[in-house]
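Architecture at a glance
Below are the chains, spelled out letter by letter.
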Amino acid sequence: KAGVTQTPRYLIKTRGQQVTLSCSPISGHRSVSWYQQTPGQGLQFLFEYFSETQRNKGNFPGRFSGRQFSNSRSEMNVSTLELGDSALYLCASTPGGTALSYEQYFGPGTRLTVT
Amino acid sequence: GNSVTQMEGPVTLSEEAFLTINCTYTATGYPSLFWYVQYPGEGLQLLLKATKADDKGSNKGFEATYRKETTSFHLEKGSVQVSDSAVYFCALSPLGGNTPLVFGKGTRLSVIA
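Predicted model, so just to flag it, every value in this text is computed and none were measured. Within each chain, residues carry numbers counting from 1 in the order of the written sequence. Working convention: letters from A go to chains and numbers from 1 go to ligands, in the order in which they are written. With pLDDT at 70 or above as the cut-off, local features in this predicted model cover only qualifying residues; side-chain atom pairs require 80 or more to be listed or tallied, and sums for whole chains, interfaces and linings still use all residues. Note that water and hydrogens are dropped before the side-chain values are worked out from all heavy atoms of the structure.

1. Concerning the overall build of chain B
Filter applied, for reference: Counting from the N terminus, the helices are the DSSP runs of H or I reaching at least four residues and the strands are the DSSP runs of E reaching at least two. Classification of residues uses two cut-offs on accessible area relative to the type maximum, computed with a 1.4 Å probe and protein chains only: under 20% is buried, over 50% is exposed, and between them is partly exposed. Whether two residues are in contact is decided by their heavy atoms: any pair within 4.5 Å suffices. Every accessible area reported is derived by Shrake-Rupley at a probe size of 1.4 Å, with residue values counting cover from the shown protein chains alone.
Helix and strand counts for chain B come out as zero helices and twelve strands. Along its sequence from the N terminus, chain B presents helices and strands in the succession β-β-β-β-β-β-β-β-β-β-β-β. Expressed as a percentage of the 113 residues in chain B, the buried residues total 45%. Partitioning the intrachain contacts of chain B with sequence separation of at least 6 by distance along the chain shows that 56% fall at a separation of at least 24. Here chain B displays about 5300 Å² of accessible surface, and carbon together with sulfur accounts for 49% of that area.

Put into structure tokens, the structure is as follows:
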């Protein structure tokens, strides 16, 4: 089974621009979560989508948004980029539904650099 | 609320040394516990997990035991290799799932030959 894929792997953007990142989950997985990883803050949860609906949301400003498509692929968008948005953005998928063990499978990440 | 506390790194060991990375948690009820590993330039990989008290998760020579009485899930390996150099994250999933994983800040391990 193919793993979680993320595109692009690397991005360089300028302050004020917007960016869209893409994530394809493992086949059959219906839940996709997004995380921001920075050296200072570690791993921070952005949001989770399940069956095209946002199910959980972290504490990030409205500039960060996402969506999920009917094939479970997900995109996240960051508008009006700031220097502090430079980070590794990780996507993770899980079968979803109800589960006692919320085991997530991560993609390789998209490295975003804002200049 | 739910939280995970890991020992701060970096941890530097010689090859074949014994490894312990401490992890304690705070959670309501009995969460599932995980260790993830991140190799340079990659995403996180699930290393091992435990879903109930006294469970021992193990993989690739690494072990961790779910200790309810001490709310701990320490990672151990008897003999580390250079290839184990990575960042290790302890995480919990609150009871019932369907809520985000809560991660510790990560511990960087460097193993030197």
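2. Quick notes on the pairing of strand β3 (residues 19-24) of chain A
Residue and element names in this part refer to chain A. Counted only if it meets this: Two strands pair if DSSP finds at least two bridges between them.
Strand direction decides the pairing type here: strand β1 (residues 5-7) and β3, joined by three bridges, are antiparallel. Looking at β3, one finds that Q6 is bridged to C23. Here five bridges tie β3 to strand β8 (residues 74-78), and the two strands are oriented antiparallel to one another. The residue bridging S22 from the neighbouring strand is E75, located in β8.

3. Considerations on the sheet that holds β1(A)
Residues and elements named next belong to chain A. We apply this condition: Between N-to-C directions, angles cover 0 to 180 degrees, with each direction set by a line fitted to C-alpha atoms, over the stretch in contact for helices.
Read across the open sheet, the four strands follow the order β1-β3-β8-β7; overall the sheet is antiparallel. The sheet is open, and its two borders are formed by β1 and β7 (64-68), each paired with just one other strand. Ignoring strand direction, the axes of neighbouring strands in this sheet form an average angle of 20 degrees.

4. Comments concerning unusual backbone geometry
Here the bond from A:T7 into A:P8 is cis, since omega is -10 degrees, no more than 30 degrees from zero. Structurally, A:P8 is set in the loop between β1 and β2 (10-13). A cis amide bond links B:G9 with the next residue in sequence, B:P10, at an omega value of 0 degrees. Tracing the backbone shows B:P10 in the loop between β1 (3-6) and β2 (11-14). Despite not being glycine, A:E52 has its phi angle at roughly 70 degrees, a positive value. Here B:D54, not a glycine, exhibits a phi torsion of approximately 75 degrees, which is positive. By secondary structure assignment, the location of B:D54 is in the loop between β6 (44-50) and β7 (56-59).

5. Brief notes about the pattern of salt bridges
Under the convention used in this document: Just to be clear on terms, a salt bridge is a Lys or Arg side-chain nitrogen sitting within 4 Å of an Asp or Glu carboxyl oxygen.
Applying the stated criterion to the full structure yields eight salt bridges over all chains. Note that A:E75 and A:R67 form a salt bridge whose closest N and O atoms lie 3.2 Å from each other. In this structure A:R67 comes out as partly exposed when scored by relative accessible area, which is 46%. The salt bridge involving B:D84 is made with B:K77; its shortest N-O contact spans 2.7 Å. What makes B:K77 buried here is its relative accessible area of 10%. A network of salt bridges, in which partner residues are shared, links A:R63, A:E82 and A:D85.

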